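Fold and geometry: a report
Listed here are the chains, written in short residue letters.
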Amino acid sequence: MITCIGLMLLICLWPCALPAEYKLVVDNDLIMIHSKDSNASLARNILEPLSSRIESMQLDLGIYVREKAVYYIIPTMDEYKSLSRGKEKIVEFSDAFYSNDIGIIFIRSPEQVNDNYLKILMHEYVHWFLDQTLWDAPLWFHEGMATYYSRQLGYEKYWQFVSARFWGKSMELGNRDYPQDKNDWAFFYLNSTFALQYMKDEYPEAWKDFWDYIAAFNREKRKISFYKAFDQTYNNSGSGFFQGYQNYTKRLAFWYLVLGVNSLIFSILPFVLIIGAIRKRRRMNSLPDLPEETDTEYNEPLDTEEGKGQF
C-alpha cells in the first residue's frame, strides 16, 4: 500500500517521475528496496546487513516502527539530479536523500558513491525513522542521530571537530537550514553529532526517559513533538541545553591541546632515542684504549715425587 501511494505522489509531485523499469526487488518487515534490473543483485545483497543495523538501533532506542522504509536505487547521475532538483544545494550534491514529502529514500548506485554504501543507507533510514516518530525534530537532531547511528563519526572526524573548536569555530544548533557555504557542511554535521552525543552521554537517564516517552506514543500509533518530549524528560530549557553544550565543546577543545602535545612528544621520541644512542656511541669511541693485559709466568711446584719436600 505504501509503495502504491508513494508512486502516485511521486508522479504528482516530482518534475520527472520514475520510469516503469523500477521494480520492488526485495523487502522484509523493515524495508522495501526498488531498483532497475541492473542493480537487483545489489538490492538483494544489502537487505540483510542493513536490516541488522536497523534492528540494532530500534533495540537500543526501544522503538519499533510498524511501517517499512522505501528505498530506490538510482543508477544514473541524470536521474538523481532530476529527483533532487529544486531542493537545497546540499541535497543536490549528496549521495542520497530522504524526501519527507513522499516518504521515500533515494540513493545513487555504488559506482557513483565514494563513502561506505551501507552507512549512507543507514543514515537516510534514520531520517525516515525520526519522521515516523516525531513531528518537529530539529535539523541538528536529525543529522546528529543519522551520523551517530550510521557510524560515520570516526577518530579522524573527532580530531577534526576538536581542532576546529580549539581555534574558535562554532555554530548555533538552532539553525533550521543547512549552511549556505559548502565549506561549513562538514562542521555542521560534526557539530550536530557531538550535540547528540552530549545529549546522550552527559544525561543517560534523561536520554532513556526521552525515548521511553516517545515509545509510549508510538505504541498508540501517534507522533509526539520533539520539544514536548525534551521538556518532559530533560527538565532543561533549550537555551540552557545549548549553553551546556557550548561549555562541553570548550572542554573538548582543551583536550585537543593535550592530545596535540602528547602526539608531538610521541612523534619526536624515536628521534630523541636515536640521537641519544649516537651520542653515547661517540663518547664510547672517544675514550682512551685500556692497556692490554699480559700473562704473568710463574712456576708451580709439581705435584710429583720429585717436587715433594722442596719447600
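Just above sits the structure.
Rules of the game
- Residues numbered from 1 in each chain as written.
- Predicted model: local features only at pLDDT ≥ 70, side-chain atom pairs only at ≥ 80, totals over all residues.
- Heavy atoms only, no water.
- Salt bridge = Lys/Arg side-chain N within 4 Å of Asp/Glu carboxyl O.
- Helix = DSSP H or I, 4+ residues; strand = E, 2+ residues; numbered from the N terminus.
- Buried < 20%, exposed > 50% of the residue type's maximum accessible area, 1.4 Å probe, protein only.
- Core = buried A, V, L, I, M, F, W, Y, C linked by side-chain atoms within 4.5 Å.
- Contact = heavy atoms within 4.5 Å.
- Pairing = 2+ DSSP bridges.
- 1 Å grid on protein atoms, 1.4 Å probe; cavity = no way out; pocket = protein on both sides within 12 Å on 5 of 7 lines; lining within 4 Å.
- Points joined across faces, edges and corners; volume = space filled by probe spheres on them.
- Nonpolar A, V, L, I, M, F, W, Y, C, P; charged D, E, K, R; others polar.

As for the pattern of salt bridges
As a working rule, side chains carrying opposite charge can pair if their charged atoms are close by. A complete count under the given rule lists 8 salt bridges for this structure. Lys-36 is the salt-bridge partner of Glu-79, the closest N and O atoms lying 3.0 Å from each other. Here Lys-36 lies in the loop between β2 (31-35) and α2 (40-61) and Glu-79 lies in helix α3 (residues 77-84), a separation of 43 residues in the sequence. By relative accessible area, Glu-79 is classed as buried at 18%. For Asp-201, the salt bridge identified is with Lys-200, shortest N-O distance 3.8 Å. You can call Asp-201 partly exposed: its relative accessible area is 41%.

Observations concerning the nonpolar core
Buried together is how nonpolar side chains tend to be arranged in soluble globular proteins. Ranked by size, the top nonpolar core spans 84 residues in total, and within it Phe-141 and Trp-211 carry the most contacts. If sequence neighbours within four positions are ignored, Phe-141 has contacts with Leu-130, Leu-134, Leu-196, Met-199, Trp-207, Phe-210, Trp-211 and Phe-226.

Description of α3
Where α3 is concerned, the buried positions are Glu-79, Tyr-80, Ser-82, Leu-83 and Ser-84. Those residues of α3 hidden inside the fold are in contact with β3 (69-74), α4 (89-92), β4 (96-99) and β5 (104-108). Positive backbone phi, at 90 degrees, marks Gly-86, one or two positions downstream of α3.

Quick look at helix α6 (residues 139-149)
For α6, the buried fraction is high: 10 of the 11 residues fall into the buried class. Along α6, the residues that are buried comprise Leu-139, Trp-140, Phe-141, His-142, Glu-143, Gly-144, Met-145, Ala-146, Thr-147 and Tyr-149.

Section: the pairing of β4
Look at any regular strand and the pattern is simple: side chains alternate between the two faces of the sheet. Residues Ala-96 and Tyr-98 line one face of β4 and the alternating positions Phe-97 and Ser-99 line the opposite face, and both faces are buried. Two strands pair when backbone bridges link them, and β4 and β5 are joined in this way by 4 bridges, in the antiparallel orientation. Across the sheet, residue Ala-96 finds its bridge partner in β5, namely Ile-107. Hairpin connection between β4 and β5: a loop of 4 residues separates the two successive antiparallel strands, and Gly-103 in this loop has a positive phi of roughly 70 degrees.

Structural notes on empty space enclosed by the protein
This model, assessed by the stated rule, comprises 1 cavity of 30 Å³ or more. Each pocket or cavity is described by its volume, and for the largest cavity that value is around 30 Å³. Every residue lining the largest cavity is listed: Trp-140, Glu-172, Leu-173, Asn-175, Phe-188, Asn-191 and Ser-192. Element by element, the count of residues in the lining of the largest cavity is highest for helix α8 (residues 185-201), at 3 residues.

Overview of the layout of surface pockets
Its volume calculated, the second largest pocket comes out at about 200 Å³. Val-65, Arg-66, Glu-67, Gln-132, Asn-218, Lys-221, Arg-222 and Lys-223 are the residues that line the second largest pocket. Partitioning the lining of the second largest pocket into residue classes produces 1 nonpolar, 2 polar and 5 charged.

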